[in-house]
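Fold and contact review
As a plain string of letters, each chain reads:
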Amino acid sequence: MTAPAPAPRTVQALYAVVRGLSAPSARDARPPSTWHLLKLLSARPLRTADLAALSALDASTVSRHVSGLEDDGLVRREPDPGDRRSSRIVLTPAGERAYDEAVARRADLLGSATREWADADREALARLLERLADALLPAADAHHPAQEA
């Protein structure tokens, strides 16, 4: 039996959630893609091309973001041990702190939005979103493969 297509209202609700969590606040003036790049770099140093592939952003866009992050001391470039002609982007301690603070602000926003929910409902939401992410990520990775760093 074929699984039914996702309901349009579920897709619309997911877009609204992403928009709500991505909206810059007064203390968070960077675009949402910046935080995604820092998250990817928190796992390991990456070449700019690999960061672009993993983030599904254009290489020139990633390069502009990286330059700004580098100017602000949130990332640094280091020689790529596998290829002396290229460099890897590394998250600095200041970048780790900035990323952690951005996540904390979004967690606070999510906590406020679900304050009236039962604990079981909040736990179910987390479990189902993790399950959905686990199911979607392999498909996204297949469309945007990146070299291992």
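Residues numbered from 1 in each chain as written. Predicted model: local features only at pLDDT ≥ 70, side-chain atom pairs only at ≥ 80, totals over all residues. Heavy atoms only, no water.

1. Some details on the packing of helix H2 (residues 32-43) against helix H5 (residues 93-113)
The relative placement of two packed helices is expressed as an angle between their axes plus a distance between the axes. One way to put it is that H2 packs onto H5 with a least axis distance of 10 Å and a crossing angle of 120°. As summarised for this structure, H2 and H5 are arranged oblique, according to the angle between their axes. Considering only the axes of H2 and H5, their crossing is left-handed. Between H2 and H5, the residues in contact are Trp35, Leu38 and Lys39 and Gly95, Ala98, Tyr99, Ala102, Arg105 and Arg106, respectively. For the contact of H2 with H5, the per-class residue count stands at 5 nonpolar, 1 polar and 3 charged. (Axes fitted to C-alpha atoms, helices over the stretch in contact; angles between N-to-C directions. Helix = DSSP H or I, 4+ residues; strand = E, 2+ residues; numbered from the N terminus. Parallel < 35°, antiparallel > 145°, perpendicular 65-115°, else oblique. Left-handed = near helix turned anticlockwise from the far one by under 90°. Contact = heavy atoms within 4.5 Å. Nonpolar A, V, L, I, M, F, W, Y, C, P; charged D, E, K, R; others polar.)

2. Quick look at the pairing of strand S1 (residues 75-80)
By the bridge criterion, 6 bridges tie S1 to strand S2 (residues 83-91) in an arrangement that is antiparallel. From the neighbouring strand, Glu78 faces S2, where its bridge partner is Arg88. The turn joining S1 and S2, which pair antiparallel and follow one another in sequence, is formed by 2 residues. (Pairing = 2+ DSSP bridges.)

3. A closer look at the environment of Asp72
Relative to the assigned elements, Asp72 resides in the loop between helix H4 (59-71) and S1. We classify Asp72 as partly exposed; its relative accessible area is 46%. Placed 23 residues apart in sequence, Asp72 and Gly95 show a C-alpha to C-alpha distance of 8.9 Å. (Buried < 20%, exposed > 50% of the residue type's maximum accessible area, 1.4 Å probe, protein only.)

4. Considering the pattern of salt bridges
Counted under the stated rule, the structure contains 6 salt bridges. Notably, a salt bridge pairs Asp83 with Arg85, separated by 3.1 Å at the nearest N-O pair. Residue classification places Asp83 among the buried residues on the basis of a relative accessible area of 17%. (Salt bridge = Lys/Arg side-chain N within 4 Å of Asp/Glu carboxyl O.)

5. Quick word on the environment of Arg77
Note on placement: Arg77 falls in strand S1. The exposure class assigned to Arg77 is partly exposed, which follows from its relative accessible area of 36%. Linking Arg77 and Val66, residues 11 residues apart in sequence, is a C-alpha distance of 9.4 Å. The residues touching Arg77, leaving out its near neighbours within four places in the chain, are Thr48, Val66, Ser67, Glu70, Ser87, Arg88 and Ile89. At 3.1 Å, the side chain of Arg77 and the side chain of Glu70 are in polar contact. (Polar contact = N/O pair within 3.5 Å; in protein donor to acceptor, adjacent residues only side chain to side chain.)

6. With respect to the confidence of the model for the protein
Here the protein shows a mean pLDDT of 85. Residues at 70 or above account for 85%. When mean pLDDT is compared element by element in the protein, S1 scores highest at 94, while helix H6 (residues 119-143) scores lowest at 82. Every residue in residues 142-149 scores below 50 in pLDDT, and together they form 13 contacts with partners more than four places removed in sequence or on other chains. (pLDDT = per-residue confidence, 0-100.)

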